[in-house]
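Results of the structural survey
For reference, the chains in residue letters:
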Amino acid sequence: MQTIYLDVLLVFNLYVNYILLRLTAGLTHSRLRMGRCLGMSALGSLSTLLILLPPMPVLLSVLCKLLLAVLLCMGAFGWHDRRRLFLCTVCLFSSSFAMAGIMLALSTMCSVRVVHSNSCWYLDVSLLHLILFTIAAYILLHTVQYLHERMHTADGGYRVCIRYRCCTVQLRGLADTGNSLVDFFTGKPVIVCDAAGFAGIDTDAFPPKGFRLLPIATVSGSGMIPVFQPDEVVIYTEQTGRCQQVDALVGLGERGNGMAIFHPRVLC
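Keep in mind the model is a prediction, meaning the values are calculated, not measured.

1. Concerning the pairing of strand β8 (residues 232-237)
Pairing analysis gives six bridges linking strand β3 (residues 158-164) to β8, with the strands arranged antiparallel. Its bridge partner lying in β8, R159 is registered against Y236. Taken together, the five bridges between β8 and strand β9 (residues 242-246) define a ladder with antiparallel strand orientation. Looking across to β9, one finds that V233 is bridged to V246.

Okay, structure coming up:
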């Protein structure tokens with residue numbers, strides 16, 4: 001009988017589920033709050049206790065995995081947009097199988113002990129190995145992102161649609177690599193918008209509650225701009241007709257150009 005340590009089982013799967021949810025959010029360009037991500041990662045981690053039960057039929061095991069993916073996506077990304085929920089579920093389910101393939105490769109190529117039962121995986125790794133894997137994954141992720149940004153063309157016109165509560169604002173968009181502004185707390189990119197474009201919206205809903213000031217440096221000097229989390233940001237690419245929801249904060253500048261300036265990586 002193989003020995004399974006519950007602390008290793010739960011912590012490792014918490015870690016894996018967090019990565020899979022973040023990967024799903026990145027691939028589908030979906031908004032994912034830190035609290036929801038951690039909560040659904042913990043729920044997915046608790047579901048791995050099924051590994052302790054007697055082996056289930058393969059079809060039932062896969063069905064349980066699919067239902068879990070639906071529940072995690074509903075909790076992480078919401079269930080109002082059914083199309084996005086379906087897309088996130090497919091992405092998370094596929095990513096889980098890809099992760100299973102990686103673990104299977106580890107079990108055959110390395111001396112790491114891997115236990116698989118009821119579509120749950122247990123990897124007996126040390127804290128040092130987990131840290132090294134995190135560093136390697138971080139370097140690989142940023143390398144791929146850098147190469148993708150270098151190949152991404154920022155040409156073409158854009159329209160940025162920002163929704164907050166019952167108010168919607170549309171601005172002309174500009175993809176500019178010079179806007180590298182990132183929020184300190186969430187790590188999300190900031191789309192710098194002309195504050196004049198928000199002048200005609202409902203004053204009861206704006207300025208939004210919970211906005212904060214973020215330091216900004218430009219060629220003309222430095223200062224502070226208010227940033228807030230909108231309910232939805234959609235960028236329309238006029239050249240291709242593509243419509244894409246992005247996960248970003250909105251900052252209000254005083255440029256007077258009536259534009260929303262974003263880094264091209266928000267479209268990656």
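2. Regarding the pattern of salt bridges
Pairing of side chains with opposite charge becomes possible as their charged atoms draw close. For the structure shown, the criterion picks out four salt bridges. Linking R159 and E238 is a salt bridge whose minimum nitrogen-to-oxygen distance equals 3.7 Å. Residue R159 is located in strand β3, and its partner E238 is located in the loop between β8 and β9; the two are separated by 79 residues in the primary sequence. The partner of D183 in a salt bridge is R212, and the shortest N-O contact between them spans 2.5 Å. Here D183 is found in the loop between β4 (167-175) and β5 (190-194), whereas its partner R212 is found in strand β6 (residues 212-218), with 29 residues between them in sequence. Exposure remark for D183: the relative accessible area of 2% places this residue in the buried category. Of the residues examined, R212 reaches a relative accessible area of 30% and is grouped as partly exposed.

3. Considerations on the packing of helix α1 (residues 6-28) against helix α2 (residues 34-47)
One way to put it is that α1 packs onto α2 with a least axis distance of 8 Å and a crossing angle of 130 degrees. Regarding the angle of α1 to α2, the classification is oblique. In the crossing of α1 with α2, the sense of the turn from one axis to the other is right-handed. Along its contact with α1, which presents L10, N13, L14, N17, Y18, L21 and R22, the element α2 presents M34, C37, L38, M40, S41, A42, G44, S45 and L46. Of the residues contributing to the contact of α1 with α2, the split by class is 10 nonpolar, five polar and one charged.

4. Examining the environment of L9
Its place among the elements puts L9 in helix α1. Residue classification places L9 among the buried residues on the basis of a relative accessible area of 0%. As a C-alpha pair, L9 and Y122 span 113 residues in sequence and 5.7 Å in three-dimensional space. Residue contacts for L9: discarding those within four places in its chain leaves I4, T48, L49, I51, W121 and Y122.

5. Thoughts on α2
In an α-helix, one full turn covers 3.6 residues, which means residues spaced three or four apart are oriented alike. The end-to-end C-alpha distance of α2, which contains 14 residues, comes to 20 Å, matching closely the 20 Å that a straight helix rising 1.5 Å per residue would cover. Burial in α2 covers these residues: C37, M40, S41, G44 and S45. Along the axis of α2, the buried residues cluster in a sector spanning 145 degrees; they form a single face. Set apart from the buried face of α2 by more than 90 degrees, the exposed residues are G35 and L46.

6. Re the packing of α2 against helix α3 (residues 58-77)
Following both chains from N to C, one finds α2 and α3 inclined at 160 degrees, their axes separated by 8 Å at the closest point. The angle between the axes of α2 and α3 places the two elements in the roughly antiparallel class. When you trace α2 past α3, the crossing you get is right-handed. Across the interface between the two elements, R36, M40, L43, G44 and S47 of α2 pack against L68, L71, L72, G75, A76 and F77 of α3.

7. Side note on α3
Helix length check: α3 (20 residues) gives 28 Å between terminal C-alpha atoms against 28 Å at 1.5 Å per residue, within 8%. Regarding α3, the residues found buried are S61, L68, A69, L72, C73, A76 and F77. Buried residues of α3 fall within an arc of 130 degrees about the axis and therefore sit on the same side. Summarising the geometry of α3, the exposed residues directed more than 90 degrees from the buried face are L59 and L71. A positive phi of about 90 degrees marks G78, the residue just after α3.

8. Notes on the side chain of N17
Along the polypeptide, N17 turns up in helix α1. For N17, a relative accessible area of 13% gives the class buried. Non-local contacts of N17, meaning those with residues more than four positions away in its chain, are made with S41, G44 and S45.

9. Considering the nonpolar core
Counting residues in hydrophobic clusters, the biggest one holds 25 residues, and the most contacted among them are L21, L32, F77 and L92. Of all the secondary structure elements, the ones that give two or more residues to this core are α1, α2, α3, α4 (82-109) and β2 (120-124). No other element matches α4, which puts seven residues into this core. Setting aside its immediate chain neighbours within four residues, L32 contacts L21, R22, A25, C37, A76, F77, K188 and D247. Judged by nonpolar contacts, the second largest core, of 21 residues, contains Y158, Y164, F198 and L252.

The rules we used
- Residues numbered from 1 in each chain as written.
- Predicted model: local features only at pLDDT ≥ 70, side-chain atom pairs only at ≥ 80, totals over all residues.
- Heavy atoms only, no water.
- Pairing = 2+ DSSP bridges.
- Helix = DSSP H or I, 4+ residues; strand = E, 2+ residues; numbered from the N terminus.
- Salt bridge = Lys/Arg side-chain N within 4 Å of Asp/Glu carboxyl O.
- Buried < 20%, exposed > 50% of the residue type's maximum accessible area, 1.4 Å probe, protein only.
- Axes fitted to C-alpha atoms, helices over the stretch in contact; angles between N-to-C directions.
- Parallel < 35°, antiparallel > 145°, perpendicular 65-115°, else oblique.
- Left-handed = near helix turned anticlockwise from the far one by under 90°.
- Contact = heavy atoms within 4.5 Å.
- Nonpolar A, V, L, I, M, F, W, Y, C, P; charged D, E, K, R; others polar.
- Expected span 1.5 Å × (residues − 1).
- Arc of directions from axis to C-beta.
- Core = buried A, V, L, I, M, F, W, Y, C linked by side-chain atoms within 4.5 Å.

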